[in-house]
Amino acid sequence: MTLSPAVLRRSVATSRWTAPYLPSLLVAAFSGALAWYGWSALGTAQLVSVIHAGQVRYAGPVVLAVVAVTFAAERVWPAQRRRVLACGHLADVGYLVLYASVTLPVSTLIGAGFATALSRHASWLTLPAYPAVPSWAFVVIGLVAIDATDWLVHFLNHRFNPLWRFHAVHHSQEEVSVLTTFRAHPLVHLSFAFTALPGFVLAANGATPVTLLTAYACLGAVPHANVPWTYGPVGRLIISPAYHRAHHRAAGRTDVNLGVVFPFWDELSGRAIRPVPGGEVIATGLAGRPIPVEQERLVEQERPACSLPGLVATQLVEPFRR
């Protein structure tokens, strides 16, 4: 297989040693400090229980069943036809394993550290109990607030370079599918720890049911599907795959269609691009391929060689390179 000049230049560039990117090291250090804080606060036994609960909620049987059904739907109604064993899919399966075994425990530790810091130093943020208000009202408020916080953190990930360097790993996928949901750098969850804030504020008025959080995780996964669905009128209320695909377009660091489940925040901020039914399929990835990707070795009709463990490791190290 002959590599193109562009790929050869990229290979030479990535083979050279470069000085580390200091802001990424600071993100890693702060993440480590919060994780240690969380470990100290929870203790080993409680920590194992909390991590297991998170794995069931965000990568458990229900979520994986939804992912499997959606992946099958991609074979029937693909936005872009891909091989089942395309390199992009295989890499994302690797990220799924990493997500369940490493990313979720890391994010749990970071979240526990953040929650512990809030309880010890900002307890005044918790609202008092309001018995006159029905519990379901606080559940609705909590879910909407979580989604709004997700949107804001997502926006900041696209605006600030130290955060973007980690989030860019998610956007490097050129064969987006529902599996891309799990393509995330473990340290990106330092910023997303702030989504625990609404739950902390409303803690005295009851917790959001686990079933609703699992449903929220599923609704956040399906928009990555490689299908042309717009959801029709419902797409005004829930983010569709066609809507979210515009966010992954191969045009660099885009800050449109940032919503996770609800598109309201994009509409309010003027960042919503509505999909056109039957419109041209948007290519995904990062312009210029600033991060090594699975498809770099794809030339003409030949299939790329998928040396995935080394590639995923390179992608995870990339945020630390200047």
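These numbers come from a predicted model, not from an experiment.

Chemist: Describe the pattern of salt bridges, with residues and values.
Modeler: Summed over all chains, the structure comprises nine salt bridges. With its nearest N and O atoms 3.6 Å apart, the salt bridge here joins Glu 267 to Arg 236. A residue pair is termed long-range when its members are at least 10 positions apart, and Glu 267 in helix H11 (residues 264-269) and Arg 236 in the loop between helix H9 (210-221) and helix H10 (241-245) qualify at 31 residues. A relative accessible area of 37% means that Glu 267 is categorised as partly exposed. When salt bridges with common partners are traced through the structure, they connect Asp 92, Arg 183 and Glu 294 into a single cluster.

Chemist: Explain the confidence of the model for the protein chain to me, using residue names and the numbers behind them.
Modeler: When pLDDT is averaged along the protein chain, the result is 87, and 92% of the positions lie at 70 or above. Residue range residues 1-16 is modelled with pLDDT below 50. Its contacts to residues more than four positions away, or to other chains, number 17 contacts.

Chemist: Explain the packing of aromatic side chains to me, using residue names and the numbers behind them.
Modeler: By the definition in use, this model includes eight aromatic pairs. Ring geometry for Phe 166 against Phe 320: centres 5.6 Å apart, planes inclined by 80°, an arrangement best described as edge-to-face. Note that Phe 166 is positioned in helix H6 (residues 161-171) and Phe 320 in the segment after helix H12 (308-317), a separation of 154 residues in sequence. Site record: aromatic cluster; members linked through ring pairs are Phe 262, Phe 264 and Trp 265.

Chemist: I'd like to hear about the nonpolar core, residue by residue, with values.
Modeler: Core analysis: the biggest nonpolar cluster contains 22 residues, and Leu 47, Ile 110, Leu 118, Phe 166, Val 188 and Leu 190 have the highest contact counts within it. Secondary structure elements with two or more residues in this core: helix H2 (22-59), helix H4 (87-121) and helix H7 (189-192). Considering each element in turn, this core owes the most residues, six residues, to H2. Excluding anything up to four places from it in sequence, Phe 166 contacts Ser 24, Val 27, His 185, Leu 187, Val 188, Pro 319 and Phe 320. With 14 residues, the next largest nonpolar core counts Ala 59, Val 63, Leu 96 and Val 178 among its residues.

The rules behind the values
Residues numbered from 1 in each chain as written. Predicted model: local features only at pLDDT ≥ 70, side-chain atom pairs only at ≥ 80, totals over all residues. Heavy atoms only, no water. Salt bridge = Lys/Arg side-chain N within 4 Å of Asp/Glu carboxyl O. Helix = DSSP H or I, 4+ residues; strand = E, 2+ residues; numbered from the N terminus. Buried < 20%, exposed > 50% of the residue type's maximum accessible area, 1.4 Å probe, protein only. pLDDT = per-residue confidence, 0-100. Contact = heavy atoms within 4.5 Å. Phe/Tyr/Trp six-rings, centres within 6.5 Å; stacked < 30°, edge-to-face > 60°. Core = buried A, V, L, I, M, F, W, Y, C linked by side-chain atoms within 4.5 Å.

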